[in-house]
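What follows is each chain in one-letter form.
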Amino acid sequence: ISATDNRRVRRNQFSTTYTFQDRWYSLFGRIQYDYDGKYLFSAMVRRDASTRFGPNNRIGYFPSISGGWVVNKEEFFNSEFVSKLKLRGSWGITGNDKIGSYRWIGSLQGAGAEASYPFGNVLSFGNALGGLANPDLQWETNTQINLGFDTTFYDNMFNVTFDYYVKTTKDLLLTPQ
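Quick caveat, the model's predicted, so the values are computed rather than measured.

1. Structural notes on the overall build of the protein chain
Assigned secondary structure in the protein chain consists of 1 helix and 10 strands. When the 177 residues of the protein chain are sorted by exposure, 20% land in the buried category. Counting only carbon and sulfur atoms, one obtains 54% of the accessible surface of the protein chain, whose full area is about 13400 Å².

So, in C-alpha cells, the structure goes:
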C-alpha cells in the first residue's frame, strides 16, 4: 500500500469490549373490593429492584389506591334525566429507572482519541474523567392523582366523562450529553 492509498483505509488502533448486565426484580400485591357494584376499592403496592442504581437506592416502593362510587345505584338516587353517575378517584406513585447502566459509578474515557493530549510534537493517549460517581442516584418517581366522573343521560343516549389529572415528577433522571 502506498502512502496515498493508506489515507483511504481507516485503522482502528484501539478496541473496546464491554457487556451490560441489567437486572430487574419486582413483587406486587393487590387488594380489590366491590360491594354490590356501588362501592369500589383497589389498593396495590409494588416493590421494584434495579441494578441501574447503587446498593443504597436499588429498591423502590410504589403504592397506589383507587376508589369509585356508583351513585345511580343508591336508593335515594331517582332521576329520569341521568341514567348513570359514577364518581372516581385514584392516587399512585410509579418509578422510572430508564437511565444508562452503571451511571452511579464514576467512569473513565480513553478509548481511541477521546483522551489524547499533545506534549510537544508527540500525541499522547491517556484517560479522562468520563462521568462523576453518584452513589445516591435513585428512582425517578411520578406521583399521579386522577379525580373524575362518568355520567350518561337520557337512557344512555349521551355520555360525559370528566377527568382532573395531576402528575408530579420527582428526582428526574437526566443523562448529560
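2. Focus on the pairing of strand E7 (residues 122-125)
The pairing of strand E6 (residues 116-119) with E7 spans 4 bridges and is antiparallel. Bridge pairing in E7 places Ser 116 opposite Phe 125. Connecting the antiparallel pair E6 and E7 is a turn made up of 2 residues, with Gly 120 showing a positive phi of about 70 degrees.

3. As for the side chain of Arg 52
Counting through the fold element by element, Arg 52 comes out in the loop between strand E2 (39-50) and strand E3 (59-70). We classify Arg 52 as buried; its relative accessible area is 15%. A polar side-chain atom of Arg 52 sits 3.1 Å from a polar atom in the side chain of Asp 22. Contacts of Arg 52, omitting those with residues within four sequence positions, involve Asp 22, Trp 24, Asp 97, Lys 98, Ile 99, Gly 100, Ser 101, Trp 104 and Leu 137.

4. A closer look at the environment of Glu 80
Among the secondary structure elements, Glu 80 is positioned in the loop between E3 and strand E4 (82-96). Overall, Glu 80 belongs to the exposed group, its relative accessible area being 79%. For Glu 80 and Asp 155, which are 75 residues apart along the polypeptide, the C-alpha to C-alpha distance reads 8.2 Å.

5. A word on the nonpolar core
Residues Phe 53, Phe 62, Ile 99, Trp 104, Leu 137, Trp 139 and Leu 173 constitute the largest nonpolar core, which totals 7 residues. Sequence-distant contacts of Trp 104, that is, excluding residues within four places in its chain, are made with Thr 51, Arg 52, Phe 53, Gly 54, Pro 55, Arg 58, Ala 133, Asn 134, Pro 135 and Leu 137.

6. What about the sheet that holds E4?
Pairing within the open sheet is antiparallel, and its 6 strands lie in the order E1-E2-E3-E4-E9-E10. Every other strand in the sheet has two partners, leaving strand E1 (24-35) and strand E10 (158-170) as the edge strands with one partner each. Averaged over neighbouring strand pairs, the angle between their axes works out to 10 degrees when direction is ignored. Pairing of E4 with strand E9 (residues 140-153), which is carried by 14 bridges, proceeds in the antiparallel orientation. Note that in E9 the partner of Leu 87 across the bridge is Phe 149.

7. Here we look at the side chain of Glu 74
Along the chain, Glu 74 falls in the loop between E3 and E4. A relative accessible area of 11% places Glu 74 in the buried class. Apart from the residues within four sequence positions on either side, Glu 74 is in contact with Lys 38, Tyr 39 and Trp 69.

8. Quick notes on unusual backbone geometry
Phi is positive for Asp 155, which is not a glycine, with a value near 55 degrees. In this structure, Asp 155 sits in the loop between E9 and E10. Classification of Asp 155 by relative accessible area gives exposed; the value is 68%. With a phi angle near 70 degrees, Asn 156 is a residue other than glycine that sits in the positive phi range.

About the criteria used
- Residues numbered from 1 in each chain as written.
- Predicted model: local features only at pLDDT ≥ 70, side-chain atom pairs only at ≥ 80, totals over all residues.
- Heavy atoms only, no water.
- Helix = DSSP H or I, 4+ residues; strand = E, 2+ residues; numbered from the N terminus.
- Buried < 20%, exposed > 50% of the residue type's maximum accessible area, 1.4 Å probe, protein only.
- Areas by Shrake-Rupley, 256 points an atom, 1.4 Å probe, with all protein chains shown as cover.
- Pairing = 2+ DSSP bridges.
- Polar contact = N/O pair within 3.5 Å; in protein donor to acceptor, adjacent residues only side chain to side chain.
- Contact = heavy atoms within 4.5 Å.
- Core = buried A, V, L, I, M, F, W, Y, C linked by side-chain atoms within 4.5 Å.
- Axes fitted to C-alpha atoms, helices over the stretch in contact; angles between N-to-C directions.

So yeah, pure geometry; function would need other evidence.
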